[in-house]
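Observations on the three-dimensional arrangement
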There are 2 protein chains.
Amino acid sequence: MSESEYLEAYDPRAFPAVAVTVDVVALTIIGGVLHVLLVERGEPPYAGRWALPGGFIRPGEDLDQAAARELAEETGMADRVHIEQLASYGAPDRDPRMRIVSVSYLAFAPDLPDPQAGSDAADAAWYGVDRLPKLAFDHEQILGHALERARSKLEYTPLATAFVGETFTISELRRVYEAVWGAPLHAPNFHRKILSVPGFVESTGETTESGGSRGGPRARLYRAGDARLLHPALLRPEREEEIR
Amino acid sequence: MSESEYLEAYDPRAFPAVAVTVDVVALTIIGGVLHVLLVERGEPPYAGRWALPGGFIRPGEDLDQAAARELAEETGMADRVHIEQLASYGAPDRDPRMRIVSVSYLAFAPDLPDPQAGSDAADAAWYGVDRLPKLAFDHEQILGHALERARSKLEYTPLATAFVGETFTISELRRVYEAVWGAPLHAPNFHRKILSVPGFVESTGETTESGGSRGGPRARLYRAGDARLLHPALLRPEREEEIR
DNA sequence: TTGAGATGATCTCAGTATGAGAATAACAAC
DNA sequence: GTTGTTATTCTCATACTGAGATCATCTCAA
């Protein structure tokens with residue numbers, strides 16, 4: 001039997017039926033606090049419960065495209081958003097309807113407008129990661145992994161620049177790290193470090209129009225550099241508990 | 001409509017039919033060279049072409065379980081094998097049969113016996129990563145991601161100990177790093193570094209029975225410590241090209 | 001038996017990176 | 001003006017890294 005004959009005779013229903021969804025962990029920083037986008041489910045299962053935005057992949061659509069579409073449906077923004085694949089979850093009973101494998105995505109964006117509830121969602125809102133409601137499905141586990149990944153990526157990639165505007169000050173960048181890592185950083189050392197990592201930021205030659213709202217001199221403005229990896233990396237303050 | 005009523009009325013066929021497979025990138029070190037396990041496909045599509053071992057997930061089986069099962073079918077070993085999820089691939093046309101989403105896994109093992117060809121494979125063999133045949137599907141892309149992940153994980157986790165036996169010498173550990181990173185390391189500095197990272201290795205108090213085959217004193221033996229993360233990390237020699 | 005070569009292990013030294021904090025200057029708000 | 005805040009630069013002690021010298025121990029072959 002040739003390859004083409006084989007494919008004609010092939011019966012797709014011979015394989016167990018599985019549905020594939022994408023779920024997006026969209027992060028932004030509001031008021032110095034890391035927030036995640038959640039939607040209130042309008043229909044069973046878990047009707048009324050908050051969950052990560054997501055949905056079934058469509059025929060002819062790649063996984064990345066599906067994730068970008070789901071995110072755009074909730075935020076209205078596809079621009080200036082960094083999105084990357086995270087992990088997949090396929091416990092047999094993770095969805096009461098049927099066998100569903102979920103591919104999770106992580107997205108980062110600068111200060112975003114209020115989210116729009118998508119078609120099958122009752123509501124959508126940004127939640128501070130320290131004030132989360134109980135989530136549907138295994139979404140708490142997914143979110144936990146996503147936060148750890150985000151914290152880790154900040155160490156060795158210039159990802160933090162995805163949370164700020166086109167141009168930014170070193171302090172703005174520092175506040176991103178502080179929000180995601182959840183700990184204050186030593187400002188002078190942070191400043192030295194950022195400027196010493198090749199390709200992380202480049203000076204625009206400009207400064208802010210005025211000092212900060214509570215005083216202080218005008219700050220120099222920078223834009224993202226061309227580095228894809230930070231070397232040497234910015235390491236998080238000690239986390240003894242995670243090592244063993 | 002209550003949740004239970006909803007679930008009874010639910011029609012799984014309302015969602016697009018997708019099949020989910022797991023593909024395993026199994027790595028080991030043979031003769032100081034990193035090798036990957038490949039199987040020769042016995043049936044279309046890509047009959048006769050080499051591919052990563054893998055297959056469809058079964059009903060009631062978690063993704064991790066499916067990956068471990070596929071690996072065991074080819075190697076006969078489930079013991080002493082580290083396995084972890086890597087990424088998922090779902091381009092609509094990546095398999096000519098139907099829409100297939102593949103969840104890839106990365107596995108590491110010490111020197112393994114010759115592989116067994118599984119049910120639907122014509123043959124199975126270890127290939128040095130520098131002498132690979134042309135692979136089926138998008139498996140070259142998957143393998144590329146897997147190798148990069150493996151190289152990266154060696155930096156900040158004690159993963160290298162999964163490639164050696166229960167007890168090992170510092171030199172054996174160094175040869176793992178050299179094989180995976182594909183570059184020679186400065187032996188004295190490596191030695192100093194391994195012993196200075198808390199929890200990476202612990203001494204057994206023993207030494208090898210004799211010196212190396214080409215001479216040299218007996219080496220001290222160590223076993224894996226209790227660290228889950230290496231701190232500070234072991235960094236790869238400069239890789240300027242990957243930074244920008 | 002002996003010498004050559006290989007290997008394990010330790011040490012030195014210079015260069016670089018980090019953590020902690022002092023010091024200086026520019027700004028907002030009162 | 002005065003006060004408090006913030007951006008930026010410096011200092012200094014400590015830690016980590018790359019490169020290489022040193023030395024003892026072992027295998028192998030002459």
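Calculation criteria
Residues numbered from 1 in each chain as written. Chains lettered and ligands numbered in written order. Predicted model: local features only at pLDDT ≥ 70, side-chain atom pairs only at ≥ 80, totals over all residues. Heavy atoms only, no water. UniProt positions renumbered as here; feature names shortened; annotations may be inferred. Salt bridge = Lys/Arg side-chain N within 4 Å of Asp/Glu carboxyl O. Helix = DSSP H or I, 4+ residues; strand = E, 2+ residues; numbered from the N terminus. Buried < 20%, exposed > 50% of the residue type's maximum accessible area, 1.4 Å probe, protein only. Pairing = 2+ DSSP bridges. Contact = heavy atoms within 4.5 Å. Axes fitted to C-alpha atoms, helices over the stretch in contact; angles between N-to-C directions. Left-handed = near helix turned anticlockwise from the far one by under 90°. Nonpolar A, V, L, I, M, F, W, Y, C, P; charged D, E, K, R; others polar. Polar contact = N/O pair within 3.5 Å; in protein donor to acceptor, adjacent residues only side chain to side chain. Near = heavy atom within 4 Å.

If you look chain A up in an unreviewed UniProt entry, it shows as 8-oxo-dGTP diphosphatase from Planomonospora venezuelensis. The UniProt entry for chain A carries the following text under Sequence similarities (unreviewed entry): "Belongs to the Nudix hydrolase family."

1. Digging into the pattern of salt bridges
Enumeration over the complete set of coordinates arrives at 24 salt bridges over all chains. Across the salt bridge formed by arginine 149 of chain A and glutamate 84 of chain A, the nearest N and O atoms sit 3.7 Å from each other. Note that arginine 149 of chain A is positioned in helix H3 (residues 139-156) and glutamate 84 of chain A in strand S5 (residues 82-89), a separation of 65 residues in sequence. On the accessibility criterion, arginine 149 of chain A (24% relative accessible area) is partly exposed. Judged by relative accessible area, glutamate 84 of chain A falls into the buried class, the value being 12%. Salt-bridge contacts for arginine 174 of chain B lead to glutamate 178 of chain B; the nearest nitrogen and oxygen are separated by 3.4 Å. Of this pair, arginine 174 of chain B and glutamate 178 of chain B are both found in helix H4 (residues 170-181), four residues apart, which corresponds to roughly one turn of the helix. By the burial criterion, arginine 174 of chain B is buried, and glutamate 178 of chain B matches it. Ionic contacts of the salt-bridge type, sharing partners, join the residues Arg58, Glu61, Arg69, Glu70 and Glu73 of chain A into one network.

2. Quick look at the sheet that holds strand S10 (residues 220-224) of chain B
Residue and element names in this part refer to chain B. Pairing is antiparallel in the open sheet, where three strands are placed in the order S8-S10-S9. Whereas interior strands pair on both sides, the edge strands pair on one side only; in this sheet they are strand S8 (167-168) and strand S9 (201-207). With four bridges joining them, S9 and S10 adopt antiparallel strand pairing. Its bridge partner lying in S10, threonine 207 is registered against arginine 220.

3. Examining the pairing of strand S2 (residues 33-41) of chain A
Looking along a regular strand, one sees the side chains alternate between the two faces of the sheet. Residues and elements named next belong to chain A. In terms of residue burial, S2 counts as a mostly covered element, since seven of its nine residues are buried. Of the pairings in the sheet, the one linking strand S1 (residues 19-30) to S2 comprises four bridges and is antiparallel in character. Each bridged residue has a counterpart across the sheet, and for leucine 27 the counterpart in S2 is valine 36. Between the antiparallel neighbours S1 and S2 lie two residues, among them glycine 31 with a positive phi of about 60°.

4. What to know about the sheet that holds strand S9 (residues 201-207) of chain A
Two orientations exist for strands paired in a sheet by backbone hydrogen bonds: parallel and antiparallel. Residues and elements named next belong to chain A. On the basis of which strands lie adjacent, the open sheet formed by three strands has the order S8-S10-S9 and antiparallel pairing. In this open sheet, the two edge strands, each paired with only one partner strand, are strand S8 (167-168) and S9. With two bridges joining them, S8 and strand S10 (residues 220-224) adopt antiparallel strand pairing. Bridge pairing links threonine 167 to arginine 223 in S10.

5. Examining the environment of aspartate 123 of chain A
Residue and element names in this part refer to chain A. By secondary structure assignment, the location of aspartate 123 is in strand S7 (residues 121-128). By relative accessible area, aspartate 123 is classed as partly exposed at 35%. Each residue touching aspartate 123, except ones within four places of it in the same chain, is listed here: Leu38, Val39, Glu40, Trp50 and Ala117.

6. Section: the packing of H3 of chain A against helix H4 (residues 170-181) of chain A
Residue and element names in this part refer to chain A. Running from N to C, H3 and H4 cross one another at 145°; their axes reach a closest spacing of 9 Å. Considering how the two elements wind past one another, H3 and H4 form a crossing that is left-handed. From H3, Ala150, Arg151, Leu154 and Glu155 reach across to H4, where they touch Val176, Tyr177, Val180 and Trp181. Among the residues forming the contact of H3 with H4, the class breakdown is six nonpolar, no polar and two charged.

7. With respect to the side chain of glutamate 84 of chain A
Residue and element names in this part refer to chain A. One polar contact links glutamate 84 to histidine 82, side chain to side chain, over a distance of 2.9 Å. Within the structure, the side chain of glutamate 84 is placed 3.4 Å from the side chain of lysine 153, a separation counted as a polar contact. When near neighbours in sequence (up to four residues on either side) are disregarded, glutamate 84 contacts Tyr105, Leu106, Arg149 and Lys153.

8. Topic: the protein's contact with DNA strand D
Taken together, 27 residues are adjacent to DNA strand D, and Ser171, Arg214 and Pro217 of chain A together with His186 and Gly216 of chain B come closest. Put simply, 64% of the atoms of DNA strand D that lie within 4 Å of the protein are in sugar or phosphate. Measuring from a base nitrogen of DNA strand D, one finds a side-chain N or O atom of arginine 192 of chain B at 2.9 Å. At 2.7 Å from a base oxygen of DNA strand D is found a main-chain nitrogen or oxygen belonging to glycine 216 of chain B.

9. Quick word on unusual backbone geometry
Between proline 44 of chain A and proline 45 of chain A the backbone carries a cis peptide bond, its omega angle lying at -5°. Along the chain, proline 45 of chain A turns up in the loop between S2 and strand S3 (50-51). In this chain, histidine 231 of chain B is followed by proline 232 of chain B through a cis amide linkage whose omega measures 0°. Structurally, proline 232 of chain B is set in the loop between S10 and helix H6 (240-243). A positive phi angle, near 50°, is found at phenylalanine 137 of chain A, a position not held by glycine. By the element assignment, phenylalanine 137 of chain A lies in the loop between S7 and H3.

10. Here we look at the protein's contact with DNA strand C
Taken together, 27 residues lie around DNA strand C, and His186 and Gly216 of chain A together with Ser171, Pro217 and Arg220 of chain B are the ones closest in. In DNA strand C, atoms within 4 Å of the protein come from the sugar-phosphate backbone in 63% of cases. At a separation of 2.9 Å, a base nitrogen of DNA strand C approaches a polar side-chain atom of asparagine 189 of chain A. With respect to DNA strand C, the side chain of histidine 191 of chain B contributes an N or O atom lying 3.2 Å from a phosphate oxygen. Secondary-structure elements contributing two or more residues to the surface near DNA strand C are helix H5 (187-196) of chain A together with H4 and helix H5 (187-196) of chain B. Broken down by element, the surface near DNA strand C gets its largest block of residues, four residues, from H5 of chain A.

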